[in-house]
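Tertiary structure, described
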Amino acid sequence: VLEREKAQFDRLRFLSLPNVTPVAVLIDQHRTMIATVRARDPDAAEKAVRDHLSEVLKVTEQLSARYPDLIVNDM
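**A look at unusual backbone geometry**
At R40, a position not held by glycine, the phi torsion is positive, near 55°. By secondary structure assignment, the location of R40 is in the loop between α2 (23-38) and α3 (42-57).

As structure tokens, this is what we get:
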């Protein structure tokens with residue numbers, strides 16, 4: 001699933017570069033993901049990954065309006 005969706009996330013990340021989440025926040029999110037995996041806490045790990053991946057979704061609606069030919073909402 002991740003491989004299939006990676007291209008879409010990469011496109012969104014590239015288009016959102018002017019409005020990116022601060023690097024310190026992203027590093028903290030990665031540290032949290034690693035810590036939850038090391039702690040063998042699948043519920044916390046899932047939450048950490050969802051929180052991290054939701055960063056790109058915060059700007060998706062704006063990007064879709066700005067680049068309608070590049071982003072298709074197929075949900």
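**A few points about the side chain of Q29**
In this structure, Q29 sits in helix α2. On the basis of relative accessibility, which here comes to 13%, the residue Q29 falls in the buried class. Separated by 2.7 Å, the side chains of Q29 and H52 make a polar contact. For Q29, the contacting residues outside a window of four places in its chain are D51, H52 and E55.

**Brief notes about the layout of surface pockets**
By volume, the second largest pocket amounts to about 490 Å³. Residue assignment for the lining of the second largest pocket shows that the elements contributing at least two residues are α1 (2-15) and α3. Considered class by class, the residues forming the lining of the second largest pocket number 9 nonpolar, 4 polar and 5 charged.

What counts, and where the lines are drawn
Residues numbered from 1 in each chain as written. Predicted model: local features only at pLDDT ≥ 70, side-chain atom pairs only at ≥ 80, totals over all residues. Heavy atoms only, no water. Helix = DSSP H or I, 4+ residues; strand = E, 2+ residues; numbered from the N terminus. Buried < 20%, exposed > 50% of the residue type's maximum accessible area, 1.4 Å probe, protein only. Polar contact = N/O pair within 3.5 Å; in protein donor to acceptor, adjacent residues only side chain to side chain. Contact = heavy atoms within 4.5 Å. 1 Å grid on protein atoms, 1.4 Å probe; cavity = no way out; pocket = protein on both sides within 12 Å on 5 of 7 lines; lining within 4 Å. Points joined across faces, edges and corners; volume = space filled by probe spheres on them. Nonpolar A, V, L, I, M, F, W, Y, C, P; charged D, E, K, R; others polar.

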